[in-house]
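# Coordinates in review
Each chain, written out:
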Amino acid sequence: MNKENELWLEETLKKTMEKISTVADRSYGKVPYTTVNGRFDDKSNTDNPADINWWTNGFYGGILWLMYHETKEEKYKKMAKEIADKISVCFDRYYNLDHDMGFLWLPTDVADYKETGSEVGRKRGLHAANILAGRFNPVANYIRAWNDGVGKENGPTSNVGWCIIDCLMNLPLLYWASEETGDPRFKYVAMKHADMAIKNFLREDGSVNHIVELNPNTGEFVQSFGGQGYGHGSSWTRGQSWALYGFLFSYLHTKEERYLEASKKVASYFCDNIPESGLIPVDFRQPKEPAYEDSTAAAIASCGLIELSKISEGKEKEKYLDSAIKMLKALTDNRCDFSLDTDNIVNYCTASYHDNKHHFSIIYGDYYYLEALLKLKGNELFIW
Ligand code: GLY
């Protein structure tokens, strides 16, 4: 990084961490997804008991562990452990569990184990990995996304053959379990799924599908769905970010070149589609109006690009790093709220193109924004 970017990073990280610290002091025990009237909501305290299983419930814990790693302030550790205890009830809710075991347990219990050596964290992390591996279909070589009853409105009568691009981000839980125990089964399952994703999700131009249905008895491709993007064959930007970053993790954990190639193919497509403003639409193929944005896609892709830049050379390295910094500066200048009276930082996040609601705060926007800044600084806790 040049001097100007170094100064920008120092200043941005300072105000980001100051805000997270202030907000933490009024958020003990919360498991936030978004903000209501500027304050974090709490998925552990709602009328719907299934809310505790929501796939984003690990991200505030992740923010706290990143902060603990950086500052060694006890309050972050205490709060993060409280969240992990709260989400551990999910293990008893079999029907509400899905493939997002990585999103839930890597930034919480596994981060705790990596940071403090917690035996409870290790045990729950391995338990989660076993449940995720149990979703693998060994005749068709994919990890099933959801149980029946979820997502049916978009497609067939049963989603037994459905898998989604986001799942690449859950595979590091399996790689970690193999690294931790020496048992190759977890890594085997992860690699089979990643290979399936290269074959069925990755398109010629470097973009990816969101949802794919496979024949659960043969693994043959049946059809794809637009999922949370604009429509069939479109290019949902958060899905592109999951693919860029997710394939890279498969490379980092296995050193198999095909995963690095896949990650770079998506990265090149992503970088070529970043608008002049540096602000990312919900779908690269959406109509010009309404101009829906998704800041989370920008933050996630930035993390992947920074990580890719570390293992690339020359022009490629420069392109990855410059693209990440361009998006992070665009977020910082236009979409971040550093005031201390609100709880979130990143605004203009969108869960899904066709939802009624767009442009609000979502906890993983803040998580990946912080992760990206710490990655630029170096020596961050490697959660995935
Ligand atoms: N993993 C679901 C999403 O990205 O919205």
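## Some words on the overall build of the protein
Per the secondary structure count, the protein includes 12 helices and 7 strands. The globule rule puts the C-alpha radius of gyration for 384 residues at 21 Å, and the 19 Å found for the protein is close to it. Each of the three principal axes of the protein carries a C-alpha extent, and together these read 55 × 45 × 40 Å. The contacts of the protein with a sequence gap of at least 6 include a subset with a gap of at least 24, amounting to 68%. If you sum the accessible surface of the protein, you get close to 15100 Å²; carbon and sulfur atoms cover 49% of it. Of note, the protein has its 44 positive side-chain charges centred 2 Å away from the centre of its 55 negative side-chain charges.

## Some words on helix H1 (residues 3-24)
Taking 1.5 Å per residue, 22 residues should reach 32 Å; H1 reaches 31 Å between its end C-alpha atoms and fits that length. Of the positions making up H1, those classed as buried are Asn5, Trp8, Leu9, Thr12, Leu13, Thr16, Met17, Lys19, Ile20, Ser21, Val23 and Ala24. Where the residues of H1 are buried, they touch strand E2 (39-40), helix H2 (59-71), helix H3 (74-87), helix H11 (314-334) and helix H12 (363-377). Where H1 begins, the side chain of Asn2 points an oxygen toward the backbone nitrogen of Glu4, at a separation of 3.3 Å.

## Digging into the packing of H11 against H12
At a minimum axis separation of 11 Å, H11 and H12 run at an interaxial angle of 130°. Considering their axes alone, H11 and H12 lie oblique with respect to each other. Along this stretch, H11 crosses H12, giving a crossing that reads as left-handed. Mapping the contact onto sequence places Leu321, Ile325, Leu328, Leu331 and Thr332 in H11 and Tyr369, Ala372 and Leu376 in H12. By residue class, the composition of the contact of H11 with H12 is 7 nonpolar, 1 polar and no charged.

## Brief notes about the site of the ligand
Around the ligand, the structure places Trp55, Asp166, Gln228, Trp236, Arg238, Trp242 and Tyr364. At 2.7 Å from a nitrogen atom of the ligand is found a side-chain nitrogen or oxygen belonging to Asp166. The contact in question runs from an oxygen atom of the ligand to an N or O atom on the side chain of Trp242, over 2.9 Å.

## Thoughts on the packing of helix H8 (residues 237-254) against helix H10 (residues 295-310)
Remark: H8 packs on H10, axes separated minimally by 8 Å, with the N-to-C direction vectors making an angle of 25°. With respect to each other, H8 and H10 are oriented roughly parallel. Note that H8 runs across H10; the crossing there is left-handed. For the pair H8 and H10, the contacting residues are Thr237, Arg238, Ser241, Trp242, Leu244, Tyr245, Leu248 and Leu252 in the first and Thr296, Ala297, Ile300, Ala301, Cys303, Gly304, Leu305, Glu307 and Leu308 in the second. Taken together, the residues of the contact of H8 with H10 sort by class into 11 nonpolar, 4 polar and 2 charged.

## Observations concerning the pairing of strand E6 (residues 211-214)
The alternating pattern of E6 places Ile211 and Glu213 on one face and Val212 and Leu214 on the opposite face, and all of these are buried. Summarising the sheet, strand E5 (residues 162-164) and E6 pair through 3 bridges and their orientation is antiparallel. Among the inter-strand pairings, Trp162 is bridged to a residue of E6, identified as Glu213. Relative to strand E7 (residues 221-225), E6 runs antiparallel, the two sharing 4 bridges.

## Observations regarding the sheet that holds E6
On the basis of which strands lie adjacent, the open sheet formed by 3 strands has the order E5-E6-E7 and antiparallel pairing. One side of each edge strand has no neighbouring strand; the edge strands of this open sheet are E5 and E7. Along the sheet, successive strands turn relative to each other by an average axial angle of 25°, direction set aside.

## Here's the deal with the nonpolar core
Counting residues in hydrophobic clusters, the biggest one holds 126 residues, and the most contacted among them are Tyr60, Leu174, Tyr368, Tyr369 and Trp384. No other element matches H12, which puts 10 residues into this core. The contact partners of Tyr368, leaving out residues within four places of it in the chain, are Phe59, Phe103, Met169, Trp242, Tyr245, Ala299, Ile300, Cys303 and Trp384. In this structure, Ala145, Ile164, Ile211 and Phe225 belong to the second largest nonpolar core, which totals 6 residues.

## Examining the packing of aromatic side chains
Going through the model one piece at a time under the given rule, you end up with 28 aromatic pairs. Ring geometry for Tyr33 against Trp54: centres 5.9 Å apart, planes inclined by 85°, an arrangement best described as edge-to-face. Here Tyr33 is found in the loop between H1 and strand E1 (35-36), whereas its partner Trp54 is found in the loop between E2 and H2, with 21 residues between them in sequence. Assessed through its relative accessible area of 34%, Trp54 is described here as partly exposed. Look at Tyr367 and Tyr368: their rings are 4.8 Å apart centre to centre, the planes differ by 90°, and that puts the pair in the edge-to-face class. Of the two residues examined, Tyr367 and Tyr368, each falls in the buried class. A connected cluster of aromatic rings, assembled from ring pairs, spans Trp55, Phe59, Phe103, Trp242, Tyr364, Tyr367, Tyr368 and Trp384.

## Some details on the pattern of salt bridges
Counted under the stated rule, the structure contains 31 salt bridges. Two residues, Glu73 and Lys75, come together in a salt bridge whose shortest N-O distance is 3.9 Å. Residue classification places Glu73 among the partly exposed positions, given a relative accessible area of 35%. Taking the shortest distance from any N to any O, the salt bridge between Glu180 and Arg122 comes out at 2.9 Å. Taken together, the residues Glu180 in helix H6 (residues 171-181) and Arg122 in helix H5 (residues 119-133) connect sequence positions 58 residues apart. By relative accessible area, which is 22% here, Arg122 ends up partly exposed. Taken together, the shared-partner salt bridges connect Glu307, Lys310, Glu371, Lys375 and Glu380 into one network.

The rules behind these values
Residue numbers run consecutively from 1 along every chain, following the written order of its sequence. Where totals are concerned, whole chains, interfaces and linings use all residues; where local detail is concerned, this predicted model gives features only for residues with pLDDT of at least 70, and gives and counts side-chain atom pairs only at 80 or more. With hydrogens and water set aside, each side-chain value is computed from the structure's full complement of heavy atoms. Going along the chain from the N terminus, every DSSP run of H or I of four or more residues is numbered as a helix, and every run of E of two or more is numbered as a strand. Atoms considered for the radius of gyration are the C-alpha atoms alone. The globule rule reads 2.2 Å times the number of residues to the power 0.38. We call two residues in contact whenever any of their non-hydrogen atoms come within 4.5 Å of each other. Methods summary: accessible areas were calculated by the Shrake-Rupley approach with a probe of 1.4 Å, and residue burial reflects only the protein chains presented. The sign given to each residue is positive for Lys and Arg and negative for Asp and Glu; His and the chain ends receive no count. Taken as the charge location is NZ of Lys, CZ of Arg, CG of Asp or CD of Glu. Expected span of a helix, by definition, is 1.5 Å for each gap between consecutive residues, and there is one gap fewer than residues. Each residue gets one of three labels from its accessible area relative to the maximum for its type: buried under 20%, exposed over 50%, partly exposed in between, using a 1.4 Å probe on protein chains only. Side-chain atoms alone can form a polar contact between residues adjacent in sequence; in general such a contact is a pair of N or O atoms within 3.5 Å, and within protein one must be able to donate a hydrogen while the other accepts it. To get an axis, fit a line to the C-alpha atoms, keeping to the stretch in contact for a helix; angles then go from 0 to 180 degrees between the N-to-C directions. Roughly parallel refers to an angle under 35 degrees, roughly antiparallel to one over 145, roughly perpendicular to one between 65 and 115, and oblique to any angle outside these ranges. Helix crossings fall into two classes, left-handed where the near helix is turned counterclockwise from the far one by less than a right angle and right-handed where it is turned clockwise. In the scheme used here, Gly and all other residues not listed as nonpolar or charged are polar, with Ala, Val, Leu, Ile, Met, Phe, Trp, Tyr, Cys and Pro taken as nonpolar and Asp, Glu, Lys and Arg as charged. We call a residue near a molecule or strand whenever a single non-hydrogen atom of that residue lies within 4 Å of it. Each pair of strands is called paired provided DSSP finds at least two bridges between the two strands. The criterion is simple. A nonpolar core is a set of buried Ala, Val, Leu, Ile, Met, Phe, Trp, Tyr and Cys residues joined through side-chain atoms within 4.5 Å. The criterion for an aromatic pair is that two Phe, Tyr or Trp rings (for Trp, the six-membered ring) have centres within 6.5 Å, with stacked assigned to planes under 30 degrees apart, edge-to-face to planes over 60 apart and tilted to the rest. A pairing counts as a salt bridge when a side-chain nitrogen of Lys or Arg comes within 4 Å of a carboxyl oxygen of Asp or Glu.

In short, geometric facts, not functional conclusions.
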